[in-house]
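# Coordinate analysis (summary)
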Amino acid sequence: MAAPKHDYYETLGVDRKASADDIRKAYRKLARKHHPDLNPGDKSSEERFKNVQEAYDVLSDSKKRQMYDQYGFYSESGFTGAGPGGPGGQGPRPGMDFSGFDFSDFFSGGAAGTGGAAGGGGRRTGAGEGPGAGGGFRDIFSQFFGGRGAAEEQPPEKGSDLEYVMDIDFWQAIRGMQARLNITRYDICETCHGSGSSGAGEATCPECKGSGHVSQMAGAMRFNLTCPRCGGAGKLRNACPTCGGEGRVPRTETVEVRIPPGARNGSRLRVAGKGNAGTMGAPPGDLYITTKVEEHPFFHREGDNIEIKAPVAVWEAALGSKIEVPTIDGRALLKIPPGAKNGQRFRLREKGVMNSRTGQRGDQIVEVVIEAPEAHDEETRELLKKLAKLHPEDPRASVWTQV
Ligand SMILES: [Zn+2]
Ligand SMILES: [Zn+2]
C-alpha cells in the first residue's frame with residue numbers, strides 16, 4: 001500500500017549522473033509537453049506537470065540534489081525542523097514523497113498520536129487518492145505529525161471525488177454518446193455494510209498482514225516502518241475482516257455515462273455518488289469525467305461554431321457564385337457575393353454544433369481562400385494575359401499608401 005513513488009530522475013527521464021545542463025534540458029522539454037495550458041482539463045498531464053516541477057526543483061539545486069541522492073528524499077527543513085504541525089501546519093509540500101523513510105527513528109513516539117488533524121500539506125485529494133494511493137503516504141504523514149494514532153477510532157469521512165479523462169472523437173462529441181467506463185473506486189464493504197466493525201473478535205491487519213510492520217524501498221535502501229494501521233499489533237479489534245475496519249473496499253465497476261451532444265474539449269461531467277465511498281458509512285464523493293475531444297482534419301471547432309476554409313476560384317470570387325461546402329450535416333450552399341475578398345468570412349447560420357445546454361446550434365464560419373488558376377495550356381495563358389492588359393492597375397497600390 002505504498003504511495004506512488006516518483007523517482008525524480010525517472011520523472012525527468014535522465015540518468016543519475018546527468019549534468020545540470022541535461023537536467024535543465026529534460027525539464028524544459030517535459031514542462032512544455034505537460035503544461036496545463038496545452039492540455040486543458042487533462043488531470044493526468046497536470047499531475048505529471050507537478051511531478052516534473054517538483055523533480056526539477058530538487059535536482060536543479062546541487063544541495064537539494066545531494067540530499068536526495070543520499071537519503072532518497074529531500075526536505076526543506078532537513079530532519080530536525082519538521083516538527084509536529086497543527087492543523088494547517090507548515091508540512092512538506094504536497095506531492096513530496098517521504099514514503100520510503102522510517103520516521104520512527106526521529107520520532108520515538110511513533111504511532112502513538114496526540115490527536116488532531118495532520119498538517120494540510122500532506123493530503124492528497126482528487127485523482128491522487130484513488131484506491132491504493134490512500135494508504136502509506138497519508139498514514140506516514142499523520143504519524144509524522146502526531147496525527148491519528150493507530151488504535152484510535154477515525155471519524156467518518158466523506159469519500160473523495162474521482163477524476164477521469166475520456167478521449168472522444170470529433171463526431172462523438174458533436175452527436176453525444178453513451179459510454180461504459182471501468183472505474184476503480186472505493187465501494188461500501190458488503191461484509192460490514194460500511195460500518196467497518198465486525199461486532200466481535202479480531203481481524204488480521206490488512207496493511208501488514210499481521211506482521212505489525214511494513215517495509216518500503218527508497219532507492220537501494222530498505223526501511224522498516226511500524227504498521228500505521230494497527231500500531232504494530234498485527235491485529236485490529238472489532239474490525240471487519242474484509243475491509244480491515246475501513247468500511248470500504250476497492251472495486252472496479254462499470255459506470256454508464258451519457259456524454260451529451262455538443263460536448264467540448266475540457267467539458268466536465270459529474271456523475272453523482274460514483275466517487276470513492278466514504279469511510280464508516282459517510283457519503284460518497286462524485287465522479288468527474290473530463291472529455292478530451294480529438295481534432296478533425298477539416299472541421300475546426302470554436303466553441304459551438306464550426307470553422308472551415310473553402311477554396312474559391314478567381315472567377316467565382318469576382319463574379320459571385322453559389323458554392324457547395326461541407327457542413328457537419330452534409331453539403332450546404334453558400335452564396336459568394338461578387339467581388340469577394342480572400343480571407344473574407346461568411347456565416348452559415350445554425351450549421352454549427354448543437355449545444356444541449358442552451359438547445360441552440362452554433363454557426364458555421366466559412367473563410368474564402370481564393371486560388372489562382374493553373375495556366376498549363378496556351379489558351380488559359382492568353383486569357384490571363386488579356387486580363388492583365390485590361391487591368392494595368394497595381395494590385396499593391398493600397399499597400400504603398402500604408403507604409
Ligand atoms: Zn498492521
Ligand atoms: Zn467491512
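As shown above, the structure is provided for reference.
Conventions and cut-offs
Along each chain, the written sequence defines residue order, and numbers are assigned to residues from 1. As they are written, the chains are lettered A onward and the ligands numbered 1 onward, keeping that order. Local features are withheld for residues below a pLDDT of 70 in this predicted model, meaning they are given only at 70 or higher, and side-chain atom pairs are given and counted only at 80 or more; totals for whole chains, interfaces and linings count all residues. For side-chain calculations, the full set of non-hydrogen atoms in the structure is used, while hydrogens and water are omitted. Secondary structure is summarised from DSSP: a helix means a run of H or I of at least four residues, a strand means a run of E of at least two, and numbering begins at the N terminus for each. The buried label applies to any residue whose accessible area, calculated with a 1.4 Å probe on protein chains only, is under 20% of its type's maximum; exposed applies above 50%, and partly exposed to all values in between. Residue contacts are counted whenever heavy atoms from the two residues lie within 4.5 Å of one another. Methods summary: accessible areas were calculated by the Shrake-Rupley approach with a probe of 1.4 Å, and residue burial reflects only the protein chains presented. Each metal's donors are the N, O and S atoms within 2.8 Å of it, or within 3.2 Å when it is Na, K or Ca, and because water is not part of the set, sites may look incomplete. Irregular is the label for any site that misses the other tests, which are tetrahedral for four donors with all angles between 85 and 135 degrees, and square planar for four donors or octahedral for six when opposite donors exceed 155 degrees and the remaining angles lie between 65 and 115. Only centres within 6.5 Å qualify two rings of Phe, Tyr or Trp (six-membered ring in Trp) as a pair; their planes then separate them into stacked at under 30 degrees, edge-to-face at over 60, and tilted for everything else. Two limits define a charge over a ring: the Lys NZ or Arg CZ must be within 6 Å of the ring centre, and within 35 degrees of the ring normal. At least two DSSP bridges between two strands are needed for those strands to be called paired. Between the N-to-C directions of two axes lies an angle of 0 to 180 degrees, each axis being a line fitted to C-alpha atoms and, for a helix, fitted only over the stretch in contact.

Scanning the chain from terminus to terminus reveals nine helices and 17 strands. Expressed as a percentage of its 403 residues, the buried residues of the chain come to 41%. Sequence-distant contacts, at least 24 apart, represent 66% of the contacts inside the chain between residues at least 6 apart. Counting only carbon and sulfur atoms, one obtains 51% of the accessible surface of the chain, whose full area is about 22,700 Å².

Below, the discussion takes up the coordination of the zinc ion (ligand 2). Only Cys189 (SG), Cys192 (SG), Cys240 (SG) and Cys243 (SG) from the protein reach the zinc ion (ligand 2) as donors, at distances of 2.3 Å. Each of the four donor atoms around the zinc ion (ligand 2) contributes to a set of angles spanning 105 to 114 degrees, which defines the coordination as tetrahedral. Site description for the zinc ion (ligand 2): donor spacing in sequence, C-x2-C-x47-C-x2-C. Separated by 51 residues along the polypeptide, Cys189 in the loop between β2 (177-188) and β3 (197-204) and Cys240 in the loop between β6 (235-239) and β7 (248-259) bring together distant segments of the chain. Judged by its relative accessible area of 1%, Cys189 is buried. When its relative accessible area of 1% is taken as the criterion, Cys240 is described as buried.

With that settled, consider the packing of aromatic side chains. Scanning the model with the defined rule gives seven aromatic pairs in all. Consider the rings of Tyr27 and Tyr56, whose centres lie 3.8 Å apart with planes at 5 degrees: the pair is stacked. Placement of Tyr27 in helix α2 (residues 20-34) and of Tyr56 in helix α3 (residues 43-59) is noted, with a sequence separation of 29 residues between them. The interplanar angle of 85 degrees and the centroid separation of 5.0 Å between the aromatic rings of Phe170 and Trp171 together place this pair among those described as edge-to-face. Judged by its relative accessible area of 4%, Phe170 is buried. Site record: aromatic cluster; members linked through ring pairs are Phe170, Trp171, Phe298 and Phe299. Just above the ring of Tyr186 sits the side chain of Arg248; from NZ or CZ to the centre is 4.1 Å. Between the NZ or CZ atom of Arg268 and the centre of the ring of Tyr288, over which it lies, the distance is 4.0 Å.

Looking at the zinc ion (ligand 1), one finds its protein donor set to be Cys205 (SG), Cys208 (SG), Cys227 (SG) and Cys230 (SG), positioned 2.2 to 2.3 Å from the metal centre. Around the zinc ion (ligand 1) sit four donor atoms; with metal-centred angles ranging over 106 to 114 degrees, the donor geometry is tetrahedral. In primary sequence terms, the donor set of the zinc ion (ligand 1) follows C-x2-C-x18-C-x2-C. Of this pair, Cys205 sits in the loop between β3 and β4 (213-218) while Cys230 sits in the loop between β5 (221-226) and β6, placing them 25 residues apart in sequence. Cys230 matches Cys205 in its accessibility class, with the two residues each being buried.

Attention now goes to the sheet that holds strand β11 (residues 305-313). Pairing in this open sheet of four strands is mixed, and the strands run β10-β11-β17-β14 from one edge to the other. A single partner strand is all that each edge strand has here, and the edge strands are β10 (300-302) and β14 (345-348). Across the sheet, the axes of successive neighbouring strands diverge by a mean angle of 35 degrees, strand direction being ignored. Bridge count for β10 against β11 is three bridges, and the pairing is antiparallel. Each residue of the ladder has a partner; that of Arg301, found in β11, is Ile306.

Bringing the sheet that holds strand β1 (residues 162-168) into the picture now. On the basis of which strands lie adjacent, the open sheet formed by three strands has the order β1-β9-β8 and mixed pairing. For this open sheet the edge positions go to β1 and β8 (268-271), each flanked by a neighbour on one side alone. Strand-to-strand, the axes of this sheet are offset by a mean angle of 25 degrees, without reference to chain direction. In this structure, β8 lies alongside strand β9 (residues 287-293), joined through four bridges in antiparallel fashion. Bridge pairing in β9 links Leu269 to Ile289.

Spatial relationships are all this shows, so hold off on functional conclusions.
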